[in-house]
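Residues per chain, in single letters:
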Amino acid sequence: MTAFEKLDRFLRNLYETAFYFAVMAVKENLRNYVGRAGTVGSPRPVAAILGNGPSLGRELPRLLESGALRDRDVMAVNFFALDGRFEEVRPAYYVLSDPMFFRDSAQRERVAELYRTLNARVTWPMHLYVQYYNPERFDYRAALPNPQIRIIPFHTQLYRGFPTLGFRLFRRGLGSANYGTVVQVCEYIALLLGYRTVELYGVDHTLLDGLAVDDGNRLCRRDSHYYDTAPAAAQPIFQKVPPRPYTMAMYLGEVAELFRGHEILRDYAAWLGARIVNRTRGSLIDAYERDPLD
């Protein structure tokens, strides 16, 4: 690396670091809400994250039949509470990171059903993690008055400055793993809570499957989940904020950033002396050690 390249990198990192702290001071704050809240009771040795990829349809029955989840603290996401096995799994942690959970969207009725279900079915202590950034000031407590559910915000501002500072911010709950999927937020929270082994189930990340461009030049994709009752048809995909169509270049750029986020989380876990184990057979994630569920 030439002297000019070193100077250029230093100045970029300096700008990104200063920008990060300025945004945090104005948009969010510097409090470690996740760390202050701690774990739900005495933590088990392993945190098991249940994604919503198609493979969870095969993995969840095996996990329940074997009793493996009794030795793990489960972290569920998105609409898992609508699954009939929710009360059997009894997740200690639940994570919502998509803007549709605090903003008006086409999924508003399903989101309302999720909140009603959580409010009615949770009879055990559970931590629910939500974005601190909430410009519409959505009242989670009004939607979820259930006293068993503790609502805890997490930060979402990405840090892109000096690498040596990044992991120290992460450890204090001031970074973000909001690289594009709720699973990455789960991993970050689990590491922040002190878990030294984090397992991933139902995290297929087959984000390139079924890509197509229709006659209107709209990028389309089949978005499959474990709870789908029929094969999903390819549909045009849109950015959430603002809701404009993706181009192929934009989509592939975001997917690349997402997978790079897994590499950052892998390195952060190693820095902490922890490990992330991908137990999803067929997953496209290549950043973590693999131990597919039999």
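All figures in this text were calculated on a predicted structure; none of them were measured in a lab. For every chain, the first residue of the written sequence is number 1, and numbering continues from 1 onward in sequence order. Local features in a predicted model are, by the rule used here, given only for residues with pLDDT of at least 70; side-chain atom pairs are given and counted only at 80 or more, and totals for whole chains, interfaces and linings are based on all residues. Side-chain numbers come from the whole structure's heavy atoms, not from hydrogens or water.

Chemist: Any chance you could explain the packing of helix H1 (residues 3-27) against helix H7 (residues 163-171) here in plain terms?
Modeler: Axes are the key here: two packed helices are described by the angle between their axes and the distance separating the axes. For the pair H1 and H7, interaxial distance at closest approach is 11 Å and the crossing angle is 25°. As the angle between them shows, H1 and H7 are arranged roughly parallel. Contacts between H1 and H7 involve Asn13, Thr17, Tyr20 and Phe21 on the former and, on the latter, Pro163, Leu165 and Leu169. Three categories are distinguished: nonpolar for Ala, Val, Leu, Ile, Met, Phe, Trp, Tyr, Cys and Pro, charged for Asp, Glu, Lys and Arg, and polar for the others, with Gly belonging to the last. Grouping the constituent residues of the contact of H1 with H7 by class yields five nonpolar, two polar and no charged. The convention used is that axes are lines fitted to C-alpha atoms, helices contributing only their stretch in contact, and that angles between N-to-C directions extend from 0 to 180 degrees. The numbering of helices and of strands both runs from the N terminus, where a helix is a DSSP run of H or I of at least 4 residues and a strand a run of E of at least 2. Any angle between 65 and 115 degrees counts as roughly perpendicular, while under 35 counts as roughly parallel, over 145 as roughly antiparallel, and the rest as oblique. In what follows, residue pairs with any heavy atoms lying within 4.5 Å of each other are defined as contacts.

Chemist: Looking at this structure, I do not really get the side chain of Asn146. What am I missing?
Modeler: Along the polypeptide, Asn146 turns up in the loop between helix H6 (140-143) and strand S5 (149-154). There is a polar contact of 2.8 Å between the side chain of Asn146 and the backbone oxygen of Val122. Think of a polar contact as two N or O atoms within 3.5 Å of one another; within protein, one of them needs to be a possible hydrogen donor and the other a possible acceptor, and neighboring residues in sequence only count if both atoms come from side chains. Polar contacts involving the side chain of Asn146 include one to the main-chain amide nitrogen of Gln148, which spans 2.8 Å. In this structure, Asn146 is in contact with Leu118, Asn119, Val122 and Arg141, ignoring residues within four places of it in sequence.

Chemist: I'm lost on the pairing of strand S2 (residues 72-77) in this one. Help?
Modeler: Three labels apply to residues, based on accessible area from a 1.4 Å probe with only protein chains included: buried if under 20% of the type maximum, exposed if over 50%, partly exposed otherwise in between. In terms of residue burial, S2 counts as a mostly covered element, since six of its six residues are buried. The two faces of S2 match: Arg72, Val74 and Ala76 on one face and Asp73, Met75 and Val77 on the other face are all buried. Pairing geometry for strand S1 (residues 46-50) and S2, over four bridges, is parallel. Residue pairing for S2: Val46 is matched across the bridge by Arg72. A strand pair is defined by DSSP finding two or more bridges across the two strands.

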